[in-house]
Structure formats: C-alpha cells, structure tokens
Amino acid sequence: MPARLGSLEAIRLMREAGFEPLDEYVNSSTPWRSRHIACGAIVAPRLSNLRNSKIGCQPCGVKLGSRTRSLDEETAVARLRKAGLEPLEPYVNSHEPWRCRHLACGREVTPVLNRLRTQGGCVYCAGCAPVTLEEAAADMRAAGYEPLEPYVNSHEPWRCRHLACGREVTATLNRIRSGTGCCWACGVAKRTATTRLAKTQAEARLRAAGYEPMADYPGSKMPWPAVHLACGQAGTPRLSDLGRRTGCRSCGIESRVAARRGDQAEAIARMREADLEPLEDYKSRNTPWMSIHLPCRQVVYPRLGGILAGQGGCRSCADKQSADRRRTDTELAVARMRDAGFLPLVAFQSTSRPWRSLHLACRQIVTPTLASIDGGQGGCVHCHPGGLDREAPAVVYVLAHPHHNAVKVGVTGNGTSRLAQFSAIGWDVVATLPFETGAQALTVETAVKRRLATELGLSHFLTAEVMGNLGGHTETFDSDRVSPSVLLAMAAAERSRVPVQRGHGKAKTTTVL
C-alpha cells in the first residue's frame, strides 16, 4: 500500500501540473479546489487524476477535444458548398450554427455542419421554416377559407369560414397544405355526388320494390316519401335498405305477426286438447283468448303460448288441484294429533292453522299446529322442555336498541344466554325483573303487551328478518311511542300484582335512557 502524501508534497505536485491550490489538502481522491494557471478557471481536480496524466480542467479539456475533432476550414467550406450553401462568416466548428446563403432560393439560413445529411441546409425549402401570419393567411385564402382569428401555428385548429358554403369550420394549415379539405359538410356532399344514382335510376329501383315516389330523390341513405302500392300506406323507405327489407312498416309488422300467429285451425285443436272451447277468433299466441273450460264450465282467458307450455288454462281448477295436493285427510290428521298426545276439540282446517286441543298429559288446552307436531315440536307450552320452564325461576327483561329506535320486553329463564345473544347484536339491557316461576314472568309479559295494545294502540315494530334467528319480533315496539323507562314502569306495575317470594325483590337495572 503506497504511503500517504504529505501536504507540502501534494502542493508541489499540483503546482507542477499547473494548478494553484485554494483549500487545504485532504487526500489524493478528494476534489481539491484550485485555480488553473493556464486559463484562470476555478476547478476541483483530484490529485490522483493529475498524477495519471489527466488534464484536470474541464473547460480546457472541452476545447482540446473540440480542436482534435474539428474539421479544418477548407474541408468544412467544401462540404457546405457541396450542399448548395455559401458561407457568410468564418467557420467555428461542426456543431455551431453557421450563417450561410442557400443558393437555390437566395434565403439566409444558419445550418449546422454535422446535421446537413439528416436535416438539410435550408429550412424554407424543406418546409420547416416558421410561417408568418401573412403567409398562413394567404395559403388559407388560396384554399377557399377566410381566417376568423389570429394564426398560432400550422398544427393548431384555426377558426375559419369556408367561402364555398359559408359554414364556420376549424381548419389546420398542415391539412390545407397537404391538400385535405377541412369542411366536413362539403366533403360529405362531394362524396355523395360521386356515388349518387341518377334520378331516373333511383325512381326505377323504387318502383321495382313496389313504391311510387312522392318527392324528389334525396339520396340512397335518406328517407324518401313514397306510397307502398301493396297496402296503400305512405312511408319513408331508404333506397339502400330495400334490398334486405320491405321498407313498409305496416306490412313488416303484419308479416311478423302472421309468422308468429300460426294456423287458426291448429290453434283451436290445441285448445280443445286442453279441454278449452274458444269463444272468439284466434289472434296470436300471447293474446288472451276467451274460452270455456269444459270441466268446470267457467269462462277463462288463457294464452295459447301458455297452453303449449303445459299450463292448464283455468286458475280456479289449478288452485283446487293445488289445495287437494296439500290437504290432509281429517281422519289422518286427528290420528296424528292423538298419537302425539292431544285430543282435538274443534274441526280440522289445515296443517298450518292453530288447532284447539287438550293436552292429555297435563290436561291443559293449547293451540298447536299439525305442521309443528309433525316437525317434532312438543305442541304444549306448559310441558315442552325446549321452551320456558314455567316452574323454574325466570326474569322479565326490558331491552333498547338505539340503531333500530326500538324497545323490547321478554321472558327468559335464569342462567340462560338469551340476554347475551341480544347484547351481541346491539341490544342494551335496561333492566331485569326476577320471578320465582316462569309462569309468573309470562303473566307479567302478557299483561304488559296487552296494555301497550289497548292503552297506546301499539303493535310490534320490527320484522322477523331484522331479529333473525333470535326471534321475538312481536315483542318489539317503537321507542318514540313508548320509552324504555315507561316500558319498565309498566312491567314493574304488573309485577306488583304477582306474589313474590323473599329473595326475589329488587330489579337489576342498567340506565341507558
């Protein structure tokens, strides 16, 4: 590893290289601010570069490189004259603009020698020279446009008036100079004129399609007032459309209707196969068709499309058949209730209607549905173990839901998770009133709901969908009509009428009012 240079030795080397140090020496690889004695420029060479025979002064290096790469003046002038240019000032270098005269057009230009091959020498002859306002306006007027605003450049839209048609357009000088017109309307008219049929040819084609023209020919794609000779209706067909469509709206609709209608005799036969006797003429598959349903002798209005799709055609008979399929035989229903331990007290109506019965096990009168019995439910609110235990301790609770603006009263057994489940979905527990039996709690809850209905005219507030799997929507009420405190007061008043054993005294309340 070479030994580190001392400051005096470093200063000596810098001066030998032609630099006068202006700062203290750090090391050989750190830029050292100095003055280049040859040109006077303040530079920051590295001593290590100077020891490797590098110049150290950027301005002097650029000049030296330029001199080594520059052409001599005689060769440069020869190249310039070969391109048709005569120099008007001495040659500097190949990348500086050189004032010359273009011999072909006589204009003074400033080309760059090393760009003559790619850019040419005269911007005017190449079409790249800046355009003056007078030149641009002259070109526009020569093309038939009168400028309406100052010129910006050759590719910016320029608001002008087309002198041929008087319309205001936005042209560009580049499009005008390239020979492209800038009036859309005149361009369309010009193209139409080149492809336009002669009047006699157009009228001959229209008459061959079954029309008599009522006006002069407007063009193949324009509506042409004419009379359709087949139906006598006036219309506006387009000559270009007549090869692939009739052109007459009335006849087109009639033909499509006829295609969908089908044969009347076949339609009547299909209706009779479905025990339907038509009472009017057939119109279409989707039109109600007045008929008599032969089995029940009722007048009905089925659609042939529905009959073909397998529908019966008579709503009354369909409803009766559906009810018959769902109906359970009375004797079978009574047998199923007896098997479940219930004695029906009224006639059977349907599986979903409450059926007043005597529960033989507890001798209580209840109203289960046959569907609930078939579904495995106990059917007796007094005995079924899955419900509230009427003999065990229970509570009446009052809840509030700020988001739904609702209150709720309900009953649950001690130690259940029902209140926690309600809390999980946003209900606040306002208070719980303890009772020694579930039967007492049910009595109070029923009395409170009865008072809400009779005194305040309230019915349940939330829907079953809002309450979800927890249920209890019939016990919810609008908190704008009855506040949590009023609901709690009602429950407490009804509770005072029920005997309470010692140890079940005070209500547990949480104030959220």
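Structure: above.
(A) Quick look at the overall build of the chain. Looking only at helices and strands, one finds 19 helices and 23 strands in the chain. Sorting the 513 residues of the chain into buried and exposed places 32% on the buried side. Intrachain contacts of the chain at a sequence separation of at least 6 include 35% that bridge at least 24 residues. In the form shown here, the chain has an accessible surface area of approximately 31900 Å², with 50% of it arising from carbon and sulfur atoms.

(B) View of the pattern of salt bridges. For the structure shown, the criterion picks out 19 salt bridges. Note that E146 and R141 form a salt bridge whose closest N and O atoms lie 3.1 Å from each other. Among the salt bridges present, the one from E212 reaches R207, with a minimum N-O distance of 3.1 Å. Three or more residues are tied together by salt bridges with common partners; here these are R451, E455, E494 and R497.

(C) A look at the pairing of strand 21 (residues 428–435). For strand 21, the tally of buried residues reaches six of eight residues, placing the bulk of the element in the interior. Strand direction decides the pairing type here: strand 19 (residues 394–401) and strand 21, joined by seven bridges, are antiparallel. Within strand 21, the residue paired with V395 across the bridge is P434.

(D) Structural context of the sheet that holds strand 8 (residues 158–162). On the basis of which strands lie adjacent, the open sheet formed by three strands has the order 7-8-9 and antiparallel pairing. Edge positions in the open sheet fall to strand 7 (145–147) and strand 9 (168–171), since each of these has one partner strand only. Within the sheet, the average angular offset between the axes of one strand and its neighbour, ignoring direction, is 45 degrees. Alignment of strand 8 against strand 9, held across four bridges, turns out to be antiparallel. Residue pairing across strands places C160 opposite V169, the latter belonging to strand 9. With respect to the sheet, helix 6 (residues 133–142) is in contact with strand 7, strand 8 and strand 9, its orientation differing from that of strand 7 by roughly 150 degrees.

(E) Quick peek at the environment of R495. Along the chain, R495 turns up in helix 19 (residues 484–495). Along the sequence, R495 and V444 sit 51 residues apart, while their C-alpha atoms lie 6.1 Å from each other.

(F) Geometry of the environment of S483. By the element assignment, S483 lies in the loop between strand 22 (476–478) and helix 19. By relative accessible area, which is 26% here, S483 ends up partly exposed. Placed 77 residues apart in sequence, S483 and A406 show a C-alpha to C-alpha distance of 8.7 Å.

(G) Expanded view of unusual backbone geometry. Non-glycine residue D275 carries a positive phi angle of around 65 degrees. Along the chain, D275 turns up in the loop between helix 11 (264–273) and strand 13 (276–278). The exposure class of D275 is partly exposed, given its relative accessible area of 37%.

(H) Expanded view of helix 11. Along helix 11, the residues that are buried comprise A267, I268 and M271. In a view along the axis of helix 11, the buried residues occupy a sector of 100 degrees, so they form one face of it. Seen from the open side of helix 11, the exposed residues pointing more than 90 degrees away from its buried face are A265 and E273. Looking at the buried residues of helix 11, the elements they touch are strand 13, strand 14 (291–293) and helix 12 (304–308). Of the residues one or two after helix 11, D275 is the one with positive phi, at around 65 degrees.

(I) Broad picture of the sheet that holds strand 2 (residues 34–36). Here three strands make up an open sheet; going across it, the order is 1-2-3 and the pairing antiparallel. For this open sheet the edge positions go to strand 1 (19–21) and strand 3 (42–43), each flanked by a neighbour on one side alone. Helix-sheet contacts for helix 1 (residues 7–16) involve strand 1 and strand 2, and the interaxial angle to strand 1 is about 150 degrees.

(J) Just the pairing of strand 9, in detail. What you see with strand 9 is a clean split: V169 and A171 sit on the buried side and E168 and T170 on the side with no burial. Taken together, strand 8 and the strand that follows it, strand 9, pair antiparallel across an intervening segment of five residues, in which G166 is found at a positive phi of about 80 degrees.

(K) Layout of the packing of aromatic side chains. Overall, the coordinates contain eight aromatic pairs when judged by the stated rule. On the numbers, 5.0 Å between centres and 55 degrees between planes, the contact of Y217 with W224 is tilted. When sorted by exposure, Y217 lands in the same class as W224, which is buried. Look at Y282 and W289: their rings are 5.1 Å apart centre to centre, the planes differ by 45 degrees, and that puts the pair in the tilted class. One exposure class covers both Y282 and W289, and it is buried. Joined through ring pairs, the aromatic side chains of Y397, F422 and W427 make up one cluster. Positioned over the ring face of F435 is R495, at 5.7 Å from the centre of the ring.

Reading guide: rules and limits
- Residues numbered from 1 in each chain as written.
- Predicted model: local features only at pLDDT ≥ 70, side-chain atom pairs only at ≥ 80, totals over all residues.
- Heavy atoms only, no water.
- Helix = DSSP H or I, 4+ residues; strand = E, 2+ residues; numbered from the N terminus.
- Buried < 20%, exposed > 50% of the residue type's maximum accessible area, 1.4 Å probe, protein only.
- Contact = heavy atoms within 4.5 Å.
- Areas by Shrake-Rupley, 256 points an atom, 1.4 Å probe, with all protein chains shown as cover.
- Salt bridge = Lys/Arg side-chain N within 4 Å of Asp/Glu carboxyl O.
- Pairing = 2+ DSSP bridges.
- Axes fitted to C-alpha atoms, helices over the stretch in contact; angles between N-to-C directions.
- Arc of directions from axis to C-beta.
- Phe/Tyr/Trp six-rings, centres within 6.5 Å; stacked < 30°, edge-to-face > 60°.
- Lys NZ or Arg CZ within 6 Å of the ring centre and 35° of its normal.

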